[in-house]
Amino acid sequence: MESLELRKVSVRFGRVSALDSVSIALQRGQAVTLLGPNGAGKSTLLKVLLGLVRSSGQLIVDGTATRADNTFKQQVGYLPEAVAFPENLSGDQVLRFFARARGSSRARVLEVLKRVGLSSAAGRAVRGYSRGMRQRLGLGAAMISEPELLILDEPTGGLDLEGLGVLWSVLTEWRERGRMVLISTHDLSLMEHRVDQMYLLKAGRLITHGSPVSLRHAAAIPVRVDFELVADSALQRAFLSRAESANPSMQLRANTASMQVPAERLLETINLLGAVPGAVAQVRVVEPGLDLVYDELLRRAG
Amino acid sequence: MGRVGVALLVQEFWDRARDRWVLTISALFALLCSAVTLYGKSADEVGTQLTGPSLVTLTSLLVPLVALVLGHDAVVGERERNTLGMLLSLPVSRFEVVLAKFAGRLMALLCSIALGLGAAVAIAHGQSAVLLRLALPTSLLGASFLALGILISSVSRRQVTAASLVVVCWFCLVFFYDLGLLGLLVASDGSVSTGTIGWLVSINPAGLFRTETLRRLSGPGVLEHLGVAVGGPGRVAEVLIWIAWSVLPIGLSGLLLARERDMR
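Residues numbered from 1 in each chain as written. Chains lettered and ligands numbered in written order. Predicted model: local features only at pLDDT ≥ 70, side-chain atom pairs only at ≥ 80, totals over all residues.

### A word on the sheet that holds strand E7 (residues 149–153) of chain A
Note on sheets: strands pair through backbone hydrogen bonds, and any given pair is parallel or antiparallel.
All names here are of chain A.
Alright, step 1. With mixed pairing, the six strands of this open sheet are ordered in space as E6-E7-E8-E3-E9-E10. Two strands close off the open sheet at either side, each with one partner strand: strand E6 (76–79) and strand E10 (205–210). If you compare each strand with its neighbour and ignore which way they point, the axes differ by 15° on average.
Alright, step 2. Both strand E3 (residues 31–35) and strand E9 (residues 197–202) contribute to a ladder of four bridges, which runs parallel. Counted as the bridge partner of leucine 35 is leucine 200 from E9.
Alright, step 3. Sheet strands touched by helix H8 (residues 212–219): E9 and E10. Its angle to E10, the strand with the most contacts, is close to 110°. (Pairing = 2+ DSSP bridges. Helix = DSSP H or I, 4+ residues; strand = E, 2+ residues; numbered from the N terminus. Axes fitted to C-alpha atoms, helices over the stretch in contact; angles between N-to-C directions. Contact = placed C-beta atoms within 7 Å.)

### A few points about the sheet that holds strand E2 (residues 16–27) of chain A
All names here are of chain A.
Alright, step 1. Strands sit in the order E2-E1-E4-E5 across an open sheet of four strands; the sheet is antiparallel. Either end of the sheet is taken by a strand with one partner, and the two such strands are E2 and strand E5 (64–66). Neighbour-to-neighbour, the strand axes of the sheet open up by a mean angle of 25°, direction not taken into account.
Alright, step 2. Relative to E5, strand E4 (residues 56–61) runs antiparallel, the two being bridged by three bridges. In the strand pairing of E5, isoleucine 60 is matched with alanine 65.
Alright, step 3. Contacting strand E1 (3–13) and E2, helix H1 (residues 42–49) runs over the sheet at an angle of about 115° to E1.

### Focus on helix H5 (residues 131–143) of chain A
Alright, step 1. Helix length check: H5(A) (13 residues) gives 18 Å between terminal C-alpha atoms against 18 Å at 1.5 Å per residue, within 8%.
Alright, step 2. Its buried side turned inward, H5(A) meets E6, helix H3 (91–102), helix H4 (106–115), E7 and helix H6 (161–176) of chain A. (Expected span 1.5 Å × (residues − 1).)

### Describing the pairing of E4(A)
Alright, step 1. In terms of strand pairing, E1(A) meets E4(A) through five bridges, oriented antiparallel. Residue pairing for E4(A): Leu6(A) is matched across the bridge by Leu59(A).

### Focus on the nonpolar core
Alright, step 1. Residues Leu95(A), Ile151(A), Leu182(A), Phe102(B), Leu146(B), Ala147(B) and Ile150(B) are the most contacted members of the largest nonpolar core, which totals 139 residues.
Alright, step 2. For this core, the leading source of residues is helix H7 (residues 94–123) of chain B, giving 14 residues.
Alright, step 3. Ignoring anything within four residues of it in the chain, the contact list for Leu95(A) reads Val109(A), Val112(A), Leu113(A), Gly140(A), Ala141(A) and Ile144(A).
Alright, step 4. By size, the runner-up hydrophobic cluster in this structure holds 12 residues, among which are Phe239(A), Ala257(A), Met259(A) and Ala279(A). (Core = buried A, V, L, I, M, F, W, Y, C linked by C-beta atoms within 7 Å. Buried ≥ 20, exposed ≤ 12 C-beta atoms within 10 Å, placed from the backbone.)

### Observations regarding the interface of chain A and chain B
Alright, step 1. Contacts between chain A and chain B engage 21 residues on the former and 18 residues on the latter.
Alright, step 2. Breaking the side of chain A that touches chain B down by element, the ones donating at least two residues are helix H2 (70–73), E6 and H3 of chain A.
Alright, step 3. Looking at the side of chain A that touches chain B, the element that brings in the most residues is H3(A), giving three residues.

### Some points on the domain arrangement of chain A
Quite often, the size of an interface is put as the accessible area lost when its parts meet.
Alright, step 1. In terms of domain boundaries, chain A breaks down into domain 1 (3–217) and domain 2 (221–289).
Alright, step 2. In this structure, domain 1 of chain A and domain 2 of chain A have C-alpha centres spaced 44 Å apart. (Domains from an automatic or database assignment.)

See the structure below:
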């Protein structure tokens, strides 16, 4: 699969519009995330891809309009939100079922159990699994047939550091092997450096999309520059005088002068370093968190 | 049936075969069949002749209940556990999912029936052929009520609702249906023909099982002898009724699942 596109997808549940003409696109080797508050339509959009929800619009694979039929689903692995399995089955039995259903070998089951860190718990019943273990088992079930497209709905829920490590390694592997990953999540900060494209949804509508960097630019939230000053009070006074004239919103806390500046004025602000030689011991540029970018973009969407 | 369907069928069979409730009820059925047969064997000639009819009565009560309970959580259980979406994300049609669940559970039910009747056959050496004649109608009775249980599971939003509905269904079809017909016969004061009553008995799988197996085990006059003058529907109609009771609920369940808009 080289490319995949959902074009102008709309879903209605009675009078409620769950999705309103939403379009997303993925290319080979890309990881794409869907962002948005509860009820934004993220999970619904993932279900549209799997044919679990009736919708209008088009599914286009490699430039050809298709349907979410069995041929398409053979290329897709899915980890649902709040994944669950029959409680009486062991992790090994669950994965063996998915392997049989997908035509994967027993050796692959053992390989996946090891990959998701459940080899030692494979014989235990799922009822004794923690939420994170269930999530890892779900990830294993989704990846058992090495699908072209991995669809992960809130995959970080309940995962500990080890689990997150497994998730990131799978994400990296899928991208490196030229496959696709589509993720719906609330954990923005975790995803920032791990995805290529982000789609922001609100109340069933697509607000904006782009790379994490381009979304940062679009939000245009000021960056914070912290100047840690030396103890010499004469140097401090001289620096603060220059800095205040350059940026009246500057705040002094302990020996640190902080100022919020638009991204385009960052270089000019950092140049204050040379204004009073020897006054600044250290400078830090703190970019706004992606959650702030997200809040700002949602606020603008109204 | 495709690869996913077969995997699901196998999974359903083993899940049921390992289920403590299914094992208990199978053991109970085998025990009761054995007890009835042992009693018949130790009694006089009349007692021996009643072994078959007694087993028919026992089977017509127990097998529908087991089958209904076996089917009641097939779809709603998956829905309530939030596993239906993951199952349907596999390359499988919704109708195939219903069919695989039916086939897997039916296999488990047939094992349970085989255990019960097998125990009876093992004890009653002289009557083995007679008892073996019960195997096919009992399996058809089980398949019909299992299909009905799966249909109830498909229309229910909660497992507890499905459980209540199968019990109501069992009471209605196994107990109250015949009483209702008796009431109709009395109330109509003979204006409803025995032919009509015969048909009304036969369209209920429990009634069809009872009348046809009794007729085959004890001869055509047995029902008249028991004071129930009911004509049979004929072999072709009988086969069609059995097929309809299995195929229609499963088809309807598949249709309902396919029409569902939001699959969790």
